[in-house]
Each structure stands twice: as structure tokens, then as C-alpha cells.
Amino acid sequence: MKNPDYSPYIIGGVALLFAFALCFSTAVWMLTQMLPPKSYIKTQAVIIDRELHETWDAEDDTYREVYYNLIEYEANGKKYQRLTETHKHLFGHDKIGETYAVYYNPNDPTKVLFKTPDRILMTTVCFAVALGTAVGAGVVFYKFAKKRKSYK
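Here the structure is a predicted model, which is why all the values come from computation and not from measurement. (Residues numbered from 1 in each chain as written. Predicted model: local features only at pLDDT ≥ 70, side-chain atom pairs only at ≥ 80, totals over all residues. Heavy atoms only, no water.)

Participant: Got a minute to help me understand a nonpolar patch on the surface in this structure?
Facilitator: A cluster of nonpolar residues, Ile10, Val14, Leu17 and Phe141, forms a patch on the protein surface that exposes about 320 Å² of accessible area. With respect to the helices and strands, phenylalanine 141 occurs in helix α2 (residues 117-151). (Patch = residues over 30% accessible without salt bridge, like charges linked within 9 Å, V, L, I, M, F, W, Y side chains within 5 Å. Areas by Shrake-Rupley, 256 points an atom, 1.4 Å probe, with all protein chains shown as cover. Salt bridge = Lys/Arg side-chain N within 4 Å of Asp/Glu carboxyl O. Helix = DSSP H or I, 4+ residues; strand = E, 2+ residues; numbered from the N terminus.)

Participant: Whenever I open this one, the sheet that holds strand β5 (residues 108-114) confuses me. Can you help?
Facilitator: Backbone-to-backbone hydrogen bonds join strands into a sheet, with any given pair of strands oriented parallel or antiparallel. An order of β3-β2-β1-β4-β5 is seen for the 5 strands of this open sheet, with the pairing classed as antiparallel. Both edges of this open sheet fall to β3 (78-83) and β5, since each of them pairs with a single strand only. Across this sheet, the average inter-strand angle for adjacent strands is 40 degrees, counted without regard to direction. Across 4 bridges, the pairing between strand β4 (residues 99-105) and β5 is antiparallel. Note that in β5 the partner of tyrosine 104 across the bridge is valine 112. (Pairing = 2+ DSSP bridges. Axes fitted to C-alpha atoms, helices over the stretch in contact; angles between N-to-C directions.)

Participant: Would you explain the pattern of salt bridges in this entry?
Facilitator: Two side chains carrying opposite charge are able to pair once their charged atoms lie near each other. A complete count under the given rule lists 1 salt bridge for this structure. Between lysine 79 and glutamate 72 there is a salt bridge whose closest N-O contact spans 3.9 Å. Given a relative accessible area of 22%, glutamate 72 falls into the partly exposed group. (Buried < 20%, exposed > 50% of the residue type's maximum accessible area, 1.4 Å probe, protein only.)

Participant: Please clarify how the packing of aromatic side chains should be interpreted in this entry.
Facilitator: Geometrically, a pair of aromatic rings is defined through the distance of the ring centres and the angle of the planes. By the definition in use, this model includes 4 aromatic pairs. When the centroid spacing of 5.5 Å and the interplanar angle of 20 degrees are considered together, the rings of phenylalanine 20 and phenylalanine 24 count as stacked. Pair noted here: phenylalanine 20 and phenylalanine 24 are both in helix α1 (residues 7-34), with a separation of 4 residues, about one helical turn. Residue phenylalanine 24 is classed as partly exposed on the basis of its relative accessible area of 38%. (Phe/Tyr/Trp six-rings, centres within 6.5 Å; stacked < 30°, edge-to-face > 60°.)

Participant: How should unusual backbone geometry be read in this particular structure?
Facilitator: Note: most residues except glycine have negative phi, and most peptide bonds are trans. You will see that asparagine 76, though not glycine, has its phi angle at about 55 degrees, which is positive. Within the element layout of this structure, asparagine 76 appears in the loop between β2 (62-75) and β3. For asparagine 76, a relative accessible area of 54% puts it in the exposed group.

Participant: Sorry, what's going on with the pairing of strand β1 (residues 41-57) here?
Facilitator: Two faces make up the sheet, and in a regular strand the side chains alternate between them. With 6 bridges joining them, β1 and β4 adopt antiparallel strand pairing. Of the residues in β4, the one forming a bridge with alanine 45 is tyrosine 100. Strand direction decides the pairing type here: β1 and β2, joined by 12 bridges, are antiparallel. Of the residues in β2, the one forming a bridge with arginine 50 is asparagine 69. Counted between consecutive antiparallel strands, the loop separating β1 from β2 contains 4 residues, among which aspartate 61 sits at a positive phi close to 60 degrees.

Participant: Is there a simple way to think about the environment of alanine 130 in this case?
Facilitator: For alanine 130, the location among the structural elements is in helix α2. The exposure class of alanine 130 is buried, given its relative accessible area of 1%. Note: C-alpha distance between alanine 130 and leucine 16 (114 residues apart in sequence) is 9.3 Å. Beyond its immediate sequence surroundings of up to four residues, alanine 130 is in contact with Phe20, Cys23 and Phe24. (Contact = heavy atoms within 4.5 Å.)

Participant: Just to check I follow, could you spell out the state of the cysteines for this structure?
Facilitator: Covalent bonding between the sulfur atoms of two cysteines defines a disulfide. In total, this model carries 0 disulfides according to the counting rule given. The thiol sulfur of cysteine 23 is not disulfide-bonded, and the nearest other cysteine sulfur, from cysteine 126, lies at 6.3 Å. (Disulfide = S-S within 2.5 Å.)

Structure, rendered in C-alpha cells:
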């Protein structure tokens, strides 16, 4: 009897493990970007304006309109303004006057962490994909072990 070809199982399993590592590390990085250090102070930010930026989309060979919210928050008795880090063409527009929590560094109030629904959603999606790839790798290696055992 000819030796079975195990390479699809090995390559598939390793590829899924690599995908798991990539998705999981991305999700952990995103989570650390959302979770403020203990020294950061929570405050409310108000959306005071929306700025339109045009970005070049090489895939479509066109310009795309991308909106960023301009927020204002108070830290140490002083008001600060800042553009949000995430653009809103994917998740819709927030209303001017809407508030959400931000966390600022008391030593440098210009350093702000945003904890917005779109960041929470993307982090959750990354963890879900990581879990799916881990399960997929487990199935591939289980089938590999089962095939190997049946060959012996």
C-alpha cells in the first residue's frame, strides 16, 4: 500500500495556525489600544464638527470621501480638540453634539484613547476570526491524526 499524502493536512493546519496567530495578535493589539492604562482619566467628549478628507483609492482608481469627527473634551480644566482616529465611511455618521467616553493621559492630555462602538465591533470580529481559525486548525490536525492512525 502506498504512503498517503499528508501534505494538505500539514500545510492547511500550519496555514490556519498562522492565520490564528495573526488574527489573535491583531485582536490583542486592538484591545490594548482600547483599554486605557490605570493612570488614564475618563472624560466625556463632544462631537463638535465633522471634517471631510479625500483619500485615493488605488483599487478603484478614484478619490473616496472619508469623514473624521472633531471632538472636544476637557482635561485639567482646559479644553482640547482632536480628530478621531477612525473614519466614519464604514460605520455611518455620528451626530454633532453626540458624546462618548474618551480616556486621556493626565501627564499629556493630548494623548487620548477612544472606546467607540466601531472599535469594539472590530476587536470582537478579530477574536471571532481567531477562534474560527483555531477550531479549523484543530479539525485539520484531528483529521490528520485520524488518517495517520488508520494507515498504521
